[in-house]
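# Structural overview
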Amino acid sequence: MKNKKTLIAVIVLVVLVAVAVVCWLAFGPKAVAGGKTVTVEVTHKDGTTKTFEIKTDEEFLRGALEQENLVAGNETEYGLYVLTVDGETADESQQEWWGYTKSGEQVNYGVDSCPIADGDHYEFTLNVGW
Amino acid sequence: MLLLALLGAMMMATQVALAALPNIHLVAVFVILAALLFGWKSLCSVYIFVLLEGLIYGFSMWFINYLYVWTVLAILAICFRKNRSRWFWTAVSGIFGLLFGALCAIPYFFIGGWAAAFSYWVAGIPFDLIHCVSNAVLTCILLMPLYRLCTKLLGRPMEND
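Residues numbered from 1 in each chain as written. Chains lettered and ligands numbered in written order. Predicted model: local features only at pLDDT ≥ 70, side-chain atom pairs only at ≥ 80, totals over all residues.

### What about the domain arrangement of chain A?
Considered domain by domain, chain A is made up of domain 1 (1-30) and domain 2 (36-128). The straight-line distance from the C-alpha centre of domain 1 of chain A to that of domain 2 of chain A is 35 Å. (Domains from an automatic or database assignment.)

### Things to note about the pairing of strand β3 (residues 71-76) of chain A
All names here are of chain A. Judged from the six bridges that link them, β3 and strand β4 (residues 79-85) form a sheet pairing that is antiparallel. Bridge pairing in β4 places V71 opposite V85. Turn length for the β3-β4 hairpin, with the two strands adjacent in sequence and antiparallel, is two residues. (Pairing = 2+ DSSP bridges. Helix = DSSP H or I, 4+ residues; strand = E, 2+ residues; numbered from the N terminus.)

### Observations regarding helix α3 (residues 42-57) of chain B
Within an α-helix, residues lying three or four positions from one another point in the same direction, as the helix has 3.6 residues per turn. Residues and elements named next belong to chain B. Between its first and last C-alpha, α3 extends 23 Å over 16 residues, near the 22 Å set by a 1.5 Å rise per residue. Among the residues making up α3, those that are buried are S42, S45, V46, F49, V50 and E53. Along the axis of α3, the buried positions cluster into a sector of 135 degrees, meaning they face one direction only. Tucked inside the fold, the buried residues of α3 contact α1 (2-17), α2 (27-38) and α4 (61-79). Phi for G58, located one or two positions after α3, is positive at around 95 degrees. (Expected span 1.5 Å × (residues − 1). Buried ≥ 20, exposed ≤ 12 C-beta atoms within 10 Å, placed from the backbone. Arc of directions from axis to C-beta. Contact = placed C-beta atoms within 7 Å.)

### What to know about the packing of α3(B) against α4(B)
A pair of packed helices can be characterised by two numbers: the angle between their axes and the separation between those axes. All names here are of chain B. In the contact formed by α3 and α4, the axes pass within 10 Å of each other and the chain directions differ by 160 degrees. For the element pair α3 / α4, the angle class is roughly antiparallel. In this structure, α3 crosses over α4, and the sense of that crossing is right-handed. Of the residues in α4, those touching α3 at S42, L43, V46, V50, E53 and G54 are F63, Y66, L67, W70, T71, A74 and I78. (Axes fitted to C-alpha atoms, helices over the stretch in contact; angles between N-to-C directions. Parallel < 35°, antiparallel > 145°, perpendicular 65-115°, else oblique. Left-handed = near helix turned anticlockwise from the far one by under 90°.)

Spelled out as structure tokens, the structure:
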């Protein structure tokens, strides 16, 4: 009986791994090679905004931003943790943090794994409060 | 109660110690161990761990996830606590690691619907796969030796498979 439970658990595990891999391959982020232009709009703590048009061959957002020296931060196990955008550094002691959206929509990827395409529009905003 | 608190603290300490490694930690091993040893009382260890996490990392969105995700594993482990098969718990721990992202996506379903929850889950699949493998390997290696050690320290008879 217990062997049967173990077998069922192992089968469930294998099936779930297969489902996860298939979903990642089908719906995961896909990078686009070649030249592209993306727009990055930065909203600073004082409410001022600056817009940058970036022409790049990079496939992910981080590469495009670093090409223009727009971001800096700490390397983490999940990629770059953005602390500075356009020269303004978030003061974590004041619960400040940089967040970003794509055409106003939430992005579930860090800048390292966010694929970019020609015409994309990203908005970086300095937020206060966790 | 002291042992339950100690297990909660061990979950926290080992999680912080391994924080540099993405989704590799011993929390699932300790949650299952606590469930095997203490049954429903193990939920005290789980919530001590969750509270300590909140105190260290701050109480934001992720904290809502932590309020129920570890409880899911604890309840699952309590339901099967008579099972002493190393491979059964290896599989359960792996399944939990794989489903971690899906469980954490639940609040996004209420905020933004299926599309938001699904895209959140998909974005985390590589980390879920790492979580799955690391949970399975660590549980396979450590769970039963830790269980034998704890039963010996507690002066309990071993419950074999």
